[in-house]
Amino acid sequence: MNETPTNGSDPQPVVRLREIHKSFGSNHVLKGINLTVHKGEHVVIFGPSGSGKSTLLRTTNLLEIPDSGSVWFEGTEYGPGLDYEHLPRGKARLLRQQIGMVFQQFNLFPHITALENVALALRRVKRVPKPEAELRAATYLDRVGLLDKLGAYPTQLSGGQQQRVAIARSLVMEPKVMLFDEPTSALDPELVGEVLAVMRSLAESGMTMVVVTHEMGFGEEVGVHG
Amino acid sequence: MMGASLNGVLAQATFRPEFIWDNRHIFLDGVWLTIRIALVAFALATVLGLAVALLRMSKSWIVKPIMAAYVNVFRAIPLLVFVLFVYYGVAIHFGFSTTAIQAGVLALTLQYSAWLGEIFRSGIQAVADGQRQAAMSVGMSRPQTFFRVVTPQATRIVTPPTGNMFIGMIKDSSLVYIIGVPELLRVSNLLANRTFRYFEVYLGTVIVYLILTTAVYFLFKYFEQRFQLVDVLTSKVRSPFARARSRQLQRLQEAVSENRGADSSLGRLGSPSPNTG
Ligand SMILES: Nc1ncnc2c1ncn2[C@@H]1O[C@H](COP(=O)(O)OP(=O)(O)O)[C@@H](O)[C@H]1O
Ligand SMILES: [Mg+2]
C-alpha cells in the first residue's frame with residue numbers, strides 16, 4: 001500500500017493513525033499503519049485489491065476497531081486500552097458524525113427518497129427539526145446538481161447520481177474529513193466524470209480528503225500537487 | 001331395510017348444491033372460529049418469531065444453541081402430532097385447565113414462531129452490511145440503524161414469505177379438529193357424518209377455505225404493491241398524501257433555488273457555475 005500525502009501547506013493535523021494493527025482471524029491485514037492527515041490535505045491511497053484499503057478507512061472512523069494502535073481525531077485518542085474502550089459507544093458516534101464516508105457501492109438507503117437519505121442523520125443524529133433538516137438536505141442535493149431528484153428513490157437514479165446523493169449525505173453532516181473508498185470503481189465509465197467533478201470541486205473548496213482510488217487521473221489532478 | 005338403504009344411496013347420488021347454502025350457518029360458525037384461531041395464533045407467532053429471530057442472531061454461546069434447538073425441534077415435529085401432544089399429552093395429562101382451543105392455538109403458535117423466526121432472521125440478514133456501515137458512518141446508533149434502516153428493508157423482504165405463512169396458518173388451523181375444536185373442518189366432519197352428503201359438505205369446506213386463502217393472498221399482494229417506490233415528484237399514481245408530499249418538495253426546490261449563492265461558501269460542486277469560480 002502506498003499513501004501519497006500532498007498539499008501539506010497547513011501543518012494542523014486532523015486525523016492521525018498510530019501503529020494500527022488489524023487481523024481477521026489469521027489474516028493480518030493492517031500491519032502497523034501510521035498516517036497523519038492535516039487540515040486541507042488530500043491523501044490518495046493506492047494498492048492492490050485485498051491489501052486492506054477499505055479496512056483502513058473503516059478503522060479511521062471506528063466502524064472497525066483496531067486490535068492495537070490508536071486513532072487520534074481532533075484532540076481525542078481512540079483505541080484499545082485508551083479512553084474510548086471505557087466510554088459509552090456514543091464517543092465513537094461523535095467521531096463518525098465528523099468523518100464522512102463514501103462507499104464503492106454507494107450504500108444509499110433504498111427505501112427512502114434521495115431527500116430523506118440526506119436528511120436522515122440530520123434528523124435522527126443531530127435532532128434537527130424536519131423542515132430545517134429537509135431544507136439543508138435539499139441545499140446539499142442542489143450542490144451536487146440533483147435538486148430535481150429530491151423525490152426519487154435510489155433505484156430510480158443512475159450510479160453516478162446515487163454516488164452524488166451519497167456524497168451529499170455525508171457532506172450535510174459538515175464533516176471535518178471525507179473518506180472515499182473507490183468511489184468511482186462501481187460506475188459505468190461514462191458516469192465516472194460527474195462524480196470526479198464533484199470530488200474535484202470539494203477538494204478545491206479546501207475539504208480534507210482521504211481517497212482510495214484506481215483513477216490515476218484523480219491522483220494526478222487533485223492529489224499530487226505538492 | 002334394503003330398499004330404504006338403496007333409496008338413500010340413490011338420493012345421495014344426485015348432487016344437490018343447495019345443500020351447501022342451506023347449511024351455511026354451520027360453515028359460517030366453523031369458519032369464524034377458524035379465522036379467530038388463525039389470527040390469534042399468527043399474531044402471537046409473529047411476536048414470538050421476532051424474539052426468536054433476534055435471539056438467534058445473538059452472539060452469546062449459551063443463547064445461540066438454545067434458540068437453534070428451539071427452531072429445529074418445533075419445525076421437526078408433525079403439526080398433527082404436536083397438537084395431540086400439547087392437548088392430551090400435556091394439558092389433559094397434567095391437569096392444566098387449558099381448553100382445547102387454547103391448546104390448539106399454543107401448538108400452532110409455537111410451530112409457526114419457529115418458521116417465522118427463520119424467515120425474519122434471513123430477512124434481517126439479507127439487508128446488505130453496507131447499509132449498516134452507511135448508517136453508522138453518519139453517526140447513527142445501533143438501535144437507530146436497526147429501526148430506521150434495517151427493519152424497513154427487512155419488512156419488504158419478508159412480506160411475501162410471511163404472507164405464505166399466514167395462508168399456511170389458515171390451512172394448518174384445520175388440524176386442531178383432532179382435539180375437538182369446532183372449527184371449519186370439525187363442523188364439516190360432523191355435518192357429513194350426520195347427513196352422509198360427503199360430496200356437498202366437503203365441496204362447501206373446500207370452497208370456504210379457497211375464499212379465505214385467496215382473500216389473504218390478495219391482501220398481501222396489496223401490501224407488496226404498497227412497497228413499490230415511485231418518484232414522489234414525477235409519478236402519476238397519487239394518493240392525497242403523495243400529492244401533499246410532492247407539493248412540499250416543490251416548495252423546497254423553490255426555496256433552495258431562490259437562496260442559491262446567498263451563502264458563497266456553499267458553492268455548487270462538480271458543475272461549472274458562478275459559485276465554484
Ligand atoms: N469483515 C471482515 N471479515 C473478515 N475478513 C475481512 C473483513 N473485511 C476485510 N477482510 C479481509 O481483509 C483483507 C483486506 O480487505 P479490504 O480492506 O477490503 O481490502 P481492499 O479494500 O484493499 O481491497 C481481505 O483479505 C479481506 O478478505
Ligand atoms: Mg476495498
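Since the structure is predicted, the reported quantities are computational estimates derived from the model, not experimental observations.

Chemist: Explain the overall build of chain A residue by residue, including any values.
Modeler: Helix and strand content of chain A: eight helices and nine strands. Burial statistics for chain A: of 226 residues in total, 59% are counted as buried. The contacts in chain A between residues at least 6 apart in sequence include a share of 68% that link residues at least 24 apart. Of the roughly 8800 Å² that chain A leaves accessible, carbon and sulfur atoms contribute 47%.

Chemist: So what about the domain arrangement of chain B? Which residues, and what values?
Modeler: Much of the literature gives interface size as the accessible area that the parts lose upon coming together. Taken domain by domain, chain B consists of domain 1 (24-229) and domain 2 (231-264). The straight-line distance from the C-alpha centre of domain 1 of chain B to that of domain 2 of chain B is 42 Å.

Chemist: Tell me about the nonpolar core, and please be specific about residues and values.
Modeler: Taken as a class, soluble globular proteins show a tendency for nonpolar side chains to be buried jointly. Counting 86 residues, the largest nonpolar core has Leu141, Leu150, Ile167, Met178, Phe180 and Met209 of chain A as its most contacted members. Among the elements that line this core, the one with the most residues is helix H7 (residues 189-204) of chain A, at eight residues. Two domains each provide a minimum of three residues to this core, namely domain 1 (24-229) and domain 2 (231-264) of chain B. Apart from residues no more than four positions distant in its own chain, Ile167 of chain A is found in contact with Val102, Met178, Phe180, Val195, Val198 and Met199 of chain A.

Chemist: How would you sum up the site of ligand 1? Please name residues and give values.
Modeler: Residues and elements named next belong to chain A. The local shell around ligand 1 consists of Phe24, Asn27, Val29, Pro48, Ser49, Gly50, Ser51, Gly52, Lys53, Ser54, Thr55 and Arg58. A distance of 3.2 Å separates an oxygen atom of ligand 1 from a polar backbone atom of Ser51. Lys53 is positioned with one of its backbone polar atoms (N or O) 2.8 Å from an oxygen atom of ligand 1. Within the complex, 61% of the 560 Å² of free accessible area of ligand 1 lies under protein. Broken down by element, the residue count for the shell around ligand 1 peaks at four residues, all from helix H1 (residues 53-60). A class-by-class count of the residues in the shell around ligand 1 yields three nonpolar, seven polar and two charged.

Chemist: Please set out helix H7 (residues 129-137) of chain B residue by residue, giving values where relevant.
Modeler: Residue and element names in this part refer to chain B. For H7, a buried count of seven out of nine residues is recorded, marking the element as mostly surrounded by other parts of the structure. What H7 keeps buried is the set Gly130, Gln131, Gln133, Ala134, Ala135, Met136 and Ser137. The first or second residue beyond H7 is Gly139, which carries a positive phi of 95°.

Chemist: How would you explain the interface of chain B and chain A if you had to name every residue and give the values?
Modeler: Every contact between the two is made by 38 residues of chain B and, on the other side, 47 residues of chain A. Around 3800 Å² of area is buried between chain B and chain A when both sides are counted, 60% of it from carbon and sulfur atoms. Where Arg245 of chain B meets Glu116 of chain A, a salt bridge forms, and the shortest distance between an N and an O atom there is 3.2 Å. In this assembly, chain B and chain A are joined by 14 residue pairs in polar contact (both at pLDDT 80 or more).

Chemist: Which residues make up the pairing of strand E8 (residues 177-181) of chain A, and what are the values?
Modeler: In regular strands, side chains alternate between the two faces of the sheet. Residues and elements named next belong to chain A. When you tally the buried positions in E8, you get five out of five residues, the bulk of the element. By the alternation rule, side chains of E8 split into Val177, Leu179 and Asp181 and Met178 and Phe180, which are all buried. Sheet analysis places strand E7 (residues 99-102) next to E8, joined by four bridges and oriented parallel. Note that in E8 the partner of Ile99 across the bridge is Val177.

Chemist: Please provide a residue-by-residue account of the confidence of the model for chain A, values included.
Modeler: Atom-level detail of predicted coordinates should not be read off regions where pLDDT is low. Put simply, chain A has an average pLDDT of 87, and 85% of its residues get 70 or more. Contacts of residues 221-226 of chain A to residues separated by more than four positions or lying in other chains number 15 contacts, the stretch itself having pLDDT below 50.

Chemist: Describe in detail the layout of surface pockets, supporting the description with residues and values.
Modeler: Here the second largest pocket is characterised by a volume of approximately 750 Å³. Considering the residues around the second largest pocket, the lining is formed by 23 residues, among which Tyr153 of chain A together with Arg226, Gln228, Val230 and Ala242 of chain B are closest to the centre. For the lining of the second largest pocket, the secondary structure elements donating two or more residues are helix H10 (198-226) and helix H11 (240-259) of chain B. No other element matches H11 of chain B, which puts four residues into the lining of the second largest pocket. When the residues that make up the lining of the second largest pocket are grouped by side-chain class, the tally is nine nonpolar, seven polar and seven charged.

Chemist: Provide a residue-level description of empty space enclosed by the protein, including the pertinent values.
Modeler: Inspection of every chain in the model, using the stated rule, returns two cavities of 30 Å³ or more. Estimated volume of the largest cavity: approximately 50 Å³. Surrounding the largest cavity, Val15, Leu17, Leu35, Val37, Ile45, Leu56, Leu57, Thr60 and Val210 of chain A form its lining. The dominant element in the lining of the largest cavity, judged by the number of residues it contributes, is H1 of chain A, at three residues. For the lining of the largest cavity, a count of residues per class yields eight nonpolar, one polar and no charged. The space that makes up the second largest cavity amounts to roughly 30 Å³. Surrounding the second largest cavity, Arg96, Gln97, Ile99, Gly100, Met101, Ser170, Met173 and Pro175 of chain A together with Ser137 and Val138 of chain B form its lining. Elements supplying a minimum of two residues to the lining of the second largest cavity: helix H3 (90-97) and E7 of chain A. Here the lining of the second largest cavity gets three residues from one element, more than from any other, and that element is E7 of chain A. Its residues placed into classes, the lining of the second largest cavity shows five nonpolar, four polar and one charged.

Analysis parameters
- Residues numbered from 1 in each chain as written.
- Chains lettered and ligands numbered in written order.
- Predicted model: local features only at pLDDT ≥ 70, side-chain atom pairs only at ≥ 80, totals over all residues.
- Heavy atoms only, no water.
- Helix = DSSP H or I, 4+ residues; strand = E, 2+ residues; numbered from the N terminus.
- Buried < 20%, exposed > 50% of the residue type's maximum accessible area, 1.4 Å probe, protein only.
- Contact = heavy atoms within 4.5 Å.
- Areas by Shrake-Rupley, 256 points an atom, 1.4 Å probe, with all protein chains shown as cover.
- Domains from an automatic or database assignment.
- Core = buried A, V, L, I, M, F, W, Y, C linked by side-chain atoms within 4.5 Å.
- Near = heavy atom within 4 Å.
- Polar contact = N/O pair within 3.5 Å; in protein donor to acceptor, adjacent residues only side chain to side chain.
- Nonpolar A, V, L, I, M, F, W, Y, C, P; charged D, E, K, R; others polar.
- Buried area = accessible area lost by both parts, 1.4 Å probe.
- Salt bridge = Lys/Arg side-chain N within 4 Å of Asp/Glu carboxyl O.
- Pairing = 2+ DSSP bridges.
- pLDDT = per-residue confidence, 0-100.
- 1 Å grid on protein atoms, 1.4 Å probe; cavity = no way out; pocket = protein on both sides within 12 Å on 5 of 7 lines; lining within 4 Å.
- Points joined across faces, edges and corners; volume = space filled by probe spheres on them.

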